[in-house]
Amino acid sequence: MREHYRSEAFTEAELAAEPMGQFDHWFREVATGGLHEPNAMILSTATSDGRPSSRTVLLKKFDHQGFVFFTNYASRKAREITSNPYVSLLFPWHQVARQVIVTGTAVRIGRDETAAYFRTRPHGSQLGAWASAQSSVIASREELLARYDELATRYPQTERVPVPPDWGGYRVVPETVEFWQGHANRLHDRLRYVAGDDGAWRVERLCP
């Protein structure tokens, strides 16, 4: 099973001065182009002894500082970040033969920023954040639904749901950001921003 990509060349002359500006440009293109869940990204973490794990999470915010997602702080990903903050993100935009690959450090965001985002979530998703002890073993789905129903009774639609104390956001502060554009004959373009010690970014072209 092989795709023969058809696309225009992606050159250094087209790049923004820094990676978050380039990400913003590509993200707007895929979001307005109808791509399904362009904010879905694969987050890879590792234990302190280097055992990796990956899962899909949703990007909820990005700015000049990095990429923000939210999770339970007792989840597997959060525990691994605590012991090893170095992570990788992958945005797999297959329909347009593009990928964005990020390496960097995950740091917790402030509680005010977490609370501001939590208030924008649908009521059911707010309850779900309380109901699920993410990544822990549970006896059955019925047990999970019972927790949810109990919370729905305690916090009806008219009640404000408090922010769970063990739930919040991480910002992935990038050290490298690679923009990958697929082409025919495996002659892909790979342009990678690399952060210098002085905070300036340099661009490298990688062989496909």
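Note that the structure is a prediction, hence the values are computed from the model and not measured.

Reading the values: the criteria
- Residues numbered from 1 in each chain as written.
- Predicted model: local features only at pLDDT ≥ 70, side-chain atom pairs only at ≥ 80, totals over all residues.
- Heavy atoms only, no water.
- Phe/Tyr/Trp six-rings, centres within 6.5 Å; stacked < 30°, edge-to-face > 60°.
- Helix = DSSP H or I, 4+ residues; strand = E, 2+ residues; numbered from the N terminus.
- Buried < 20%, exposed > 50% of the residue type's maximum accessible area, 1.4 Å probe, protein only.
- Lys NZ or Arg CZ within 6 Å of the ring centre and 35° of its normal.
- Contact = heavy atoms within 4.5 Å.
- Axes fitted to C-alpha atoms, helices over the stretch in contact; angles between N-to-C directions.
- Parallel < 35°, antiparallel > 145°, perpendicular 65-115°, else oblique.
- Left-handed = near helix turned anticlockwise from the far one by under 90°.
- Nonpolar A, V, L, I, M, F, W, Y, C, P; charged D, E, K, R; others polar.
- Pairing = 2+ DSSP bridges.

A. Just the packing of aromatic side chains, in detail. Following the criterion strictly, the structure yields 19 aromatic pairs and no others. Plain terms: the ring middles of Phe27 and Trp93 are 6.4 Å apart, the flat faces sit at 55° to each other, and that makes the pair tilted. With Phe27 in helix 1 (residues 19-32) and Trp93 in strand 5 (residues 86-93), this pair connects stretches of sequence that are 66 residues apart. The buried category is assigned to Trp93, whose relative accessible area is 1%. With a centroid separation of 5.3 Å and 70° between ring planes, the pair formed by Phe118 and Trp167 is classed as edge-to-face. Of the two residues, Phe118 is situated in helix 3 (residues 111-118) and Trp167 in strand 7 (residues 167-181); the sequence distance between them amounts to 49 residues. Trp167 carries the same exposure label as Phe118, and that label is buried. Here the aromatic cluster, defined as three or more aromatic residues joined through ring pairs, consists of Phe23, Phe27, Phe62, Phe67, Phe91 and Trp93. In this structure, Arg98 packs its charged tip against the face of Trp26, placed 4.1 Å from the ring centre.

B. Just helix 4 (residues 123-131), in detail. His123, Gln126, Leu127, Ala129 and Ala131 are the residues of helix 4 that are buried. In this structure, the buried side of helix 4 is in contact with helix 3, helix 5 (141-154) and strand 7.

C. Quick peek at the packing of helix 4 against helix 5. Where helix 4 contacts helix 5, the two axes come as close as 9 Å, and the packing angle between them is 125°. When the axes of helix 4 and helix 5 are compared, the pair comes out oblique. In this structure, helix 4 crosses over helix 5, and the sense of that crossing is right-handed. Here Gly124, Leu127, Gly128, Trp130 and Ala131 of helix 4 come into contact with helix 5, specifically with Leu144, Arg147, Tyr148, Leu151 and Ala152. When grouped by side-chain class, the residues that make up the contact of helix 4 with helix 5 number seven nonpolar, two polar and one charged.

D. How the structure looks around the pairing of strand 8 (residues 189-195). With six bridges joining them, strand 7 and strand 8 adopt antiparallel strand pairing. Note that in strand 8 the partner of Trp180 across the bridge is Arg190. As paired elements, strand 8 and strand 9 (residues 201-206) share six bridges and run antiparallel to each other. When the sheet's bridge partners are listed, Val194 is paired in strand 9 with Arg202.

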